[in-house]
Amino acid sequence: MATTTPAPTLFGMSTAAVGQLSIIGQVVGGLSSAIGGYFAAEQLKIQMQSQASTYDYQAKMAKINERLSEAQAQQIMRAGEAQTQISTMRAGQQMATYRTALAARGGQAGEGSAGEVMATAMIMKDIDRMTINSNTVRAAEAERMKKVGYANQSSLLGVSADNLNLSAGTISPINAATTSLLGGGAQVASSWYAMNRNR
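Residues numbered from 1 in each chain as written. Predicted model: local features only at pLDDT ≥ 70, side-chain atom pairs only at ≥ 80, totals over all residues. Heavy atoms only, no water.

Section: the overall build of the protein chain
The condition that has to hold: Helical segments are the DSSP runs of H or I of at least four residues, strand segments are the runs of E of at least two, and each set is numbered from the N terminus. For each residue, the accessible area found with a 1.4 Å probe, counting protein chains only, is set against the maximum for its type, and the residue is called buried under 20%, exposed over 50%, and partly exposed in between. Contacts are assigned to residue pairs with any non-hydrogen atoms lying within 4.5 Å of each other. Here the accessible surface of atoms and residues is derived via Shrake-Rupley with a 1.4 Å probe, and residues count as covered only by protein chains that are part of the display.
Secondary structure assignment for the protein chain yields three helices and two strands. Tracing the protein chain from N to C terminus, the helices and strands come up as β-β-α-α-α. When each of the 199 residues of the protein chain is scored for burial, the buried share is 22%. Contacts spanning at least 24 positions in sequence make up 84% of the contacts within the protein chain whose residues lie at least 6 apart. Of the roughly 13,700 Å² of accessible surface on the protein chain, a fraction of 60% belongs to carbon and sulfur atoms.

Have a look at this one:
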């Protein structure tokens, strides 16, 4: 009596059933990969848009700081002008006081040591005025250099925000999912072909 050899099994399933389960697993894996690709692309797109929003906000703040620096520079110049006026008036009052005191003693302002004192007072007034002007211009220009830095920062951040928005616009979650599906589909087709070829 002839005996037939039982077909090989795995956990009680025939090799054909195992092959079909393998293909089903590949299909599920491909779908899972497609879903994962979709959400990964969507997350990347959202992150890029969020970073672009951050850069845009920082660019706007730098623009505000730029305007504030210019306003500060103008305020420094006005304060310097006021300080020069006060210094000039103070020097004028001192010279008037000196002339009055000199006249009360019977002296004349333009002669001898009195003339030298008056000339020295005029020179000191001019030195004070130039020092105030120099300090004022230096401080205002330092503030204007900050303004330039803020303007550059604003421009660079604006460009970065635009670039991120453009890059985010090129990300397509649907394309990412489709690519994963096509890759998974090719693998399933290859496995199905190999399984049916051996029959």
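Focus on helix 3 (residues 173–197)
Stated precisely, the cut-off is as follows: A helix is expected to reach a length of 1.5 Å times the quantity of its residues less one.
In a regular helix each residue adds 1.5 Å, so 25 residues correspond to 36 Å; helix 3 covers 36 Å between its end C-alpha atoms and thus fits that length. Those residues of helix 3 that fall on the buried side of the exposure criterion are Pro173, Ala177, Ser180, Gly184, Val188 and Met195.

So, the pattern of salt bridges
Applied cut-off: By salt bridge we mean one thing: a side-chain nitrogen of Lys or Arg within 4 Å of a carboxyl oxygen of Asp or Glu.
For the structure shown, the criterion picks out seven salt bridges. A salt bridge links Lys147 to Glu70, with the shortest nitrogen-to-oxygen separation between them at 3.3 Å. Of the two residues, Lys147 is situated in helix 2 (residues 112–170) and Glu70 in helix 1 (residues 15–104); the sequence distance between them amounts to 77 residues. Note on Lys147: relative accessible area 25%, which makes it partly exposed.

Topic: the nonpolar core
Where we set the bar: Among the buried residues, those of types Ala, Val, Leu, Ile, Met, Phe, Trp, Tyr and Cys that are joined through side-chain atoms within 4.5 Å form a nonpolar core.
Among the nonpolar cores identified, the biggest contains seven residues, and these are Ala41, Met48, Ala52, Ala161, Leu164, Ala168 and Ile171. Among the elements of the structure, helix 1 and helix 2 are those that each provide at least two residues to this core. Setting aside residues up to four positions removed in sequence, Ile171 forms contacts with Ala41, Leu44, Lys45 and Met48.

Looking at the packing of aromatic side chains
The condition that has to hold: Here a Phe, Tyr or Trp ring, Trp counted by its six-membered ring, pairs with any other such ring whose centre lies within 6.5 Å, and the pair is stacked when the planes are under 30 degrees apart, edge-to-face when over 60, and tilted otherwise.
Taken as a whole and judged by the stated rule, the model has one aromatic pair. Taken together, a centroid distance of 5.1 Å and an interplanar angle of 85 degrees make the contact between Tyr38 and Phe39 edge-to-face.

Let's talk about a nonpolar patch on the surface
Condition: Patches were defined on residues exceeding 30% relative accessible area and lacking a salt bridge, with like-charge contacts within 9 Å and nonpolar side-chain contacts (Val, Leu, Ile, Met, Phe, Trp, Tyr) within 5 Å.
Nonpolar side chains collect at one region of the surface, where Tyr57, Met61, Ile64 and Leu68 lie side by side and expose about 390 Å² of accessible area between them. Within the secondary structure, Tyr57 is located in helix 1.

A closer look at the environment of Val137
Within the secondary structure layout, Val137 lies in helix 2. In this structure Val137 comes out as partly exposed when scored by relative accessible area, which is 35%.

Concerning the environment of Gly29
Within the secondary structure, Gly29 is located in helix 1. In this structure Gly29 comes out as partly exposed when scored by relative accessible area, which is 36%. The spatial distance from the C-alpha of Gly29 to the C-alpha of Gly184 is 7.5 Å, given a sequence separation of 155 residues.

Quick notes on the confidence of the model for the protein chain
How we decide: Confidence scores here are pLDDT values: one per residue, from the predictor, ranging 0 to 100.
Residue-level pLDDT values for the protein chain average 85, and 86% of them are 70 or greater. Here strand 1 (residues 9–10) stands out as the least confident element of the protein chain, with mean pLDDT 58; helix 2 is the most confident, with 91.

Re the environment of Met145
Positionally, Met145 belongs in helix 2. For Met145 and Glu66, which are 79 residues apart along the polypeptide, the C-alpha to C-alpha distance reads 9.7 Å.

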